[in-house]
Structure formats: C-alpha cells, structure tokens
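Descriptive structure summary
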Amino acid sequence: MSLARVHNFAISLDGFGTGEPQSRDAPFGHAGERLHEWMFATGFWHEKTRQPGGSRGLDDAFARRFEPGIGAEIMGAGKFGYPGWQEDPEWKGWWGPNPPFHTPTFILTHHTRPSIEMEGGTTFHFLDTSPAKALETAREAADGKDVRIGGGATVIRDFLAAGLIDHMHVVVVPILLGRGSRLWDGLEDLQKDYEVEATSSPSGVMHLTFTRAGL
C-alpha cells in the first residue's frame, strides 16, 4: 500500500505552523515568511522559481524529498486559500495557473465545489469527509504512488491523531510565534509509534523525521 507522507512542514520553536490573523494579504499571519526562509535559500527552491544559485547542503537535500514518489496530495481549506475563499467562485488557490503539485490534489472543506483542472497536471478536488476516507480517495487517484499530506497544522494533526501518517518531515525554525495554529496539541506520546531522528542544519533549523516503526 502507498504511504502517507509529510514533507518540509515548518513550525516555530513553540510548535506553530502558521501565525495569525491569516488573510489574503498575509497567508501565514504575523509569521510572514519566516517559517520558510530556510527553504527559499535552497537550490531546490531556486530551481522551482527559475532563479540561479541556491544552497546544495542539508536543507536542500531534505527539501528535494518533497516530490519523488508522490501521486496525490491532501490539504486543508486553510492551505488552499484565505479565510472566506469559499465565497469566491473564482478562487483557484495561491499558486497561479500552474500549481507546484502536478498531481490530483484534494482539499478538505465543508464547502465543496466542482473540481478545477489546472495546468501542469494539477486538478483540485474538494471533499467534505473524514481523514481516513480522504486518504482512501487520494490513494486511488495516486495509482500506487504515495500520498502527501500537505498541511496546514490542523490537517496534519488530524491525520496523526487518526494514525494515518507513515512518514513525516518537520522543520523546526528558531523563532517564537506565540499564537497561531499549533501542530502538536493533543498528540501526547506520539513518538512511541515512530522512529524519530533529529538533524541540525548550519542554517539554524532542525530537521525532525518521524517514520512509523516497522516500515
């Protein structure tokens, strides 16, 4: 069976995956882009944004694991759009006409709408269902490949609580946010189900990987 994987999900030292308040002009609230500066410096990101240069070290190696073997993605409504996007029939996500997913991508929302086919192989589908049912649907679409659980924090937390994540890469960024959406709430003793490794980067971030025991 294909795996459910999380990659490049950045949190603050106090566990927040985004700040607040979120809006169309501030997708990550008061956190701004600080949670993702480590990735913006990598060669992986520079290639994606068609810029020269970028680092080729540890951060780049982790960042590049985002794509290989992925056949579908699941994300929450808060990753797909700003608060209230459900009332905008023209909203097609943050990423322009050619989103970076290039697979079937499933948005968990209570406000479903018809699927949207984008350039580059991404098709957005809108589901109002449980994490388990969403994963079942995404696995069918992934055609034997793995499913990436893309976030935000609430969605990843729900999938962890349901025991559905097989591998998770979390990047701890050395900032304190104090408020926003926290990843770890309600997940006491999560580490007992996983083999956990921590790798420090010269950039100042910490890469944590959680791999389900026995995989």
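You'll find the structure just up there.
Cut-off values and rules
- Residues numbered from 1 in each chain as written.
- Predicted model: local features only at pLDDT ≥ 70, side-chain atom pairs only at ≥ 80, totals over all residues.
- Heavy atoms only, no water.
- Pairing = 2+ DSSP bridges.
- Helix = DSSP H or I, 4+ residues; strand = E, 2+ residues; numbered from the N terminus.
- Contact = heavy atoms within 4.5 Å.
- Axes fitted to C-alpha atoms, helices over the stretch in contact; angles between N-to-C directions.
- Phe/Tyr/Trp six-rings, centres within 6.5 Å; stacked < 30°, edge-to-face > 60°.
- Buried < 20%, exposed > 50% of the residue type's maximum accessible area, 1.4 Å probe, protein only.
- Core = buried A, V, L, I, M, F, W, Y, C linked by side-chain atoms within 4.5 Å.
- Expected span 1.5 Å × (residues − 1).
- Arc of directions from axis to C-beta.

1. Let's talk about the sheet that holds strand 11 (residues 206-212)
Taken in spatial order, the nine strands make up an open sheet running 5-6-4-3-7-1-8-11-10, and their pairing is mixed. Taken across any chain shown, the strands that pair with only one partner, and hence form the sheet edges, are strand 5 (116-117) and strand 10 (194-200). The sheet contact formed by strand 4 (residues 104-108) and strand 6 (residues 123-127) spans five bridges and is parallel. Across the sheet, Ile107 pairs through a bridge with Phe126, a residue of strand 6. Lying on the sheet, helix 5 (residues 131-142) is in contact with strand 1 (4-12), strand 3 (70-76), strand 4, strand 6 and strand 7 (146-149); it crosses strand 3 at an angle near 150 degrees.

2. Here's the deal with the packing of aromatic side chains
We describe a pair of aromatic rings using the distance from one ring centre to the other and the angle between the two ring planes. Taken as a whole and judged by the stated rule, the model has 15 aromatic pairs. Here the aromatic rings of Phe101 and Phe124 are separated by 6.4 Å at their centres, their planes lie at 70 degrees, and the arrangement is edge-to-face. Linking Phe101 in the loop between helix 4 (77-80) and strand 4 with Phe124 in strand 6, this pair joins segments that are 23 residues apart in sequence. We classify Phe124 as buried; its relative accessible area is 0%.

3. Observations concerning the nonpolar core
If you look at the biggest cluster of nonpolar residues, it comprises 31 residues, and the most contacted ones within it are Ile74, Ile149, Phe159 and Met168. Every element with two or more residues in this core is listed here: strand 1, strand 3, strand 4, helix 5, strand 7, helix 6 (153-161), strand 8 (167-173) and strand 11. Here the element with the most residues in this core is helix 6; it accounts for five residues. Judged by nonpolar contacts, the second largest core, of 14 residues, contains Ala31, Phe44, Ala63 and Phe66.

4. Quick word on helix 5
An ideal rise of 1.5 Å per residue puts 16 Å on twelve residues; helix 5 measures up with 16 Å between its terminal C-alpha atoms. Here helix 5 has its buried residues at Ala134, Leu135, Ala138 and Ala142. For helix 5, the arc enclosing every buried residue in end-on projection is 95 degrees, short of the 170-degree limit, so these residues lie on one face. Looking at the buried positions of helix 5, the neighbouring elements they touch are strand 1, strand 3, strand 4, strand 6, strand 7 and helix 6.

5. Comments concerning the side chain of His46
Structurally, the position occupied by His46 is in helix 2 (residues 43-48). Not counting residues up to four positions away in its chain, the partners in contact with His46 are Phe40, Ala41, Gln51, Pro52, Gly53 and Gly54.

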